[in-house]
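Fold and geometry: a report
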Amino acid sequence: MMIHSLALPPSDAEVDAWLAVLASAAAVDLPQLPPPSRVEVAGRLCVTPARGRPVLWTAGAGEGVGEREGVAALLLFTEEGNTHTAFLDVLTVRPEARRRGVGTALWERVREELLADGRTSVAVMLDLGGPGQAFAEAMGFENVLPMAWYVQDIPAGGASPAGATADAGATADGRPAQPPATPGYELLTWYGLVPDAWAPAAAAAHAAMEDAPTGDMDERIQTWTPERLHTLQQLILDRGGDMITVAAVSPEGEVAAYTEIVLPDPEGTSALQYDTVVVPAHRGHGLGRAVKRHMAVQAAARHPQLRRIATTVADENGPMRAVNEALGHRRERGVGIYQIKL
C-alpha cells in the first residue's frame, strides 16, 4: 500500500481522483443524500483554510492518479489556543477496497503527522452506525459530543417550507419590504459578506455561541472580531460557495439573533445551516424561529433548485431541537464528534 502526499493545490486530475473516492463511498454509505459536488470538493482541496494548515494524502497500490483507493485530509489548527489539537476532515476508503488495510495505513500516516507536529489530540465528525464509527472506535476514538442531523425539506414550485410563513421579500439593502412578524425587531438578509456597517454587531452576536454545547472537545472557541467573521465568510465564497445570513436586529443596532446557511455548490440542491444563535438578553421572543423561518423562504427564492437545508444539533441542546421541530425539521441520522488523545 502506497501513501501519497498531495502538493497544494492539487491538480485537476488529483481533484477528480479524490472526488471519485468520495462518490463511491457516499453511494454505499449515504445513498439517501445527494452525491458530493466537484465544486465543493475542489474548493475544499484547492483553497487554503483560514484556521490552520491542511495536509492531504491518498492511498493506492500504484503511482497512477486514477488508482486511488482512499483519501485523508487533516487540518492542523494554527489558531491561538488550538495548536495542540487538529481536525480530521476526511478519511474515506472506496467500498471495494475496505478491510484491506487502506484505512489503517492512512490513519497511521495521519497519526505520524500529528505526533511530529506536537499535537496531543484530534477530532473527526462521524455518522453513527456507519463504517466510519466502527473504524474510529477500533482506533481508540470516543464520542465526545453526540449530535444528529436535522433536515428541512424545501418544496418545489415556490411553495413555502413546512413551518414557514411566506415572509416578504427583501429590498436591495437587505431590509424587508414589509414589517417582520416579530414586534420590536427588524429582519435583515445579507448575501455573502455581512456588510461592514453590521460586522461589529454580528461578531458580537457570534460570541453567544460560547454557551453552545461542546462536550469534551479539546478545540477551543475563538474570539469573534469583524475581521475574523469576514475572513471565514470570504473563505466560503473563495471556495465557490454562497452564503446567506438572516439577522434580527434591535432598534439600538444590536444583532439580537441570526442564522446562516451555506450552499457549498450554489447550483446544488442542498444547503448547510451553520450557526443559529439568539443572544441571551433577547431570548424568549421567538427570534430563533423567526430568523430560521425567514431564512428558509429567502434561500428558496434565491436558489429555486434548493430542496433541503441540513444542520447538526447537539443532543443536549434541547431549546434548538425544539425550534427545529416547530419549523418542521426531521431528524435524519445520528452523528458525533469523535476524539482521540495521542
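Not measured: the values here are computed from a predicted model.

With respect to the nonpolar core
- One finds Leu74, Trp107, Val110, Leu114, Val122 and Phe141 to be the most contacted residues of the largest nonpolar core, which totals 22 residues.
- In terms of residues, this core owes the most to one element, helix α3 (residues 102–116), which gives five residues.
- One finds Ile154, Ile244, Ala271 and Val291 within the second-largest nonpolar core, a separate group that totals 19 residues.

Looking at the pattern of salt bridges
- Scanning all chains against the criterion turns up 20 salt bridges.
- Of the charged contacts, one joins Arg109 and Glu112 as a salt bridge, the two residues approaching to 3.8 Å between their closest N and O atoms. With Arg109 and Glu112 both in helix α3, this residue pair falls three residues apart, about one helical turn.
- Its relative accessible area of 24% is what places Arg109 among the partly exposed residues.
- Shared partners join several salt bridges into a network, and the residues in it are Arg53, Arg109, Glu112, Glu113, Asp117 and Arg119.

Some remarks on the pairing of strand β12 (residues 330–341)
- Across the twelve residues of β12, nine count as buried, placing the element largely inside the fold.
- Taken together, the seven bridges between strand β5 (residues 121–127) and β12 define a ladder with antiparallel strand orientation. If you follow Met125 over to β12, its bridge partner there is Ile337.
- Sheet topology places strand β6 (residues 142–153) next to β12; nine bridges connect them, and they run antiparallel. Across the sheet, residue Tyr150 finds its bridge partner in β12, namely Arg331.

Brief notes about the environment of Ile236
- Its place among the elements puts Ile236 in helix α6 (residues 226–238).
- Using a relative accessible area of 12% as the deciding quantity, one classes Ile236 as buried.
- Residues Ile236 and Ala72, spaced 164 residues apart in sequence, show a C-alpha to C-alpha distance of 21 Å.
- Those residues within four positions of Ile236 in sequence are excluded, and the remaining contacts are Gly241, Asp242, Met243, Val262 and Tyr274.

Focus: the packing of aromatic side chains
- Overall, the coordinates contain two aromatic pairs when judged by the stated rule.
- Here the aromatic rings of Trp190 and Trp198 are separated by 5.9 Å at their centres, their planes lie at 40 degrees, and the arrangement is tilted.
- Residue classification places Trp190 among the buried residues on the basis of a relative accessible area of 4%.
- One cation-aromatic arrangement involves Arg228 over Trp224; the distance from NZ or CZ to the ring centre is 4.3 Å.

Topic: helix α8 (residues 318–326)
- Every buried residue belonging to α8 is among Met320, Val323 and Asn324, and all of these are buried. The arc that holds the buried residues of α8, viewed along the axis, is 95 degrees, so those residues lie on one side. Exposed side of α8, more than 90 degrees from the buried face: Pro319 and Glu325 are the residues found there.
- The backbone nitrogen of Met320 lies 3.3 Å from a side-chain oxygen of the residue at the head of α8, namely Asn317.
- Following α8 by one or two positions, Gly328 has its phi on the positive side, about 85 degrees.

Parameters and conventions
- Residues numbered from 1 in each chain as written.
- Predicted model: local features only at pLDDT ≥ 70, side-chain atom pairs only at ≥ 80, totals over all residues.
- Heavy atoms only, no water.
- Core = buried A, V, L, I, M, F, W, Y, C linked by side-chain atoms within 4.5 Å.
- Buried < 20%, exposed > 50% of the residue type's maximum accessible area, 1.4 Å probe, protein only.
- Helix = DSSP H or I, 4+ residues; strand = E, 2+ residues; numbered from the N terminus.
- Salt bridge = Lys/Arg side-chain N within 4 Å of Asp/Glu carboxyl O.
- Pairing = 2+ DSSP bridges.
- Contact = heavy atoms within 4.5 Å.
- Phe/Tyr/Trp six-rings, centres within 6.5 Å; stacked < 30°, edge-to-face > 60°.
- Lys NZ or Arg CZ within 6 Å of the ring centre and 35° of its normal.
- Arc of directions from axis to C-beta.
- Polar contact = N/O pair within 3.5 Å; in protein donor to acceptor, adjacent residues only side chain to side chain.

By themselves these figures say nothing about function.
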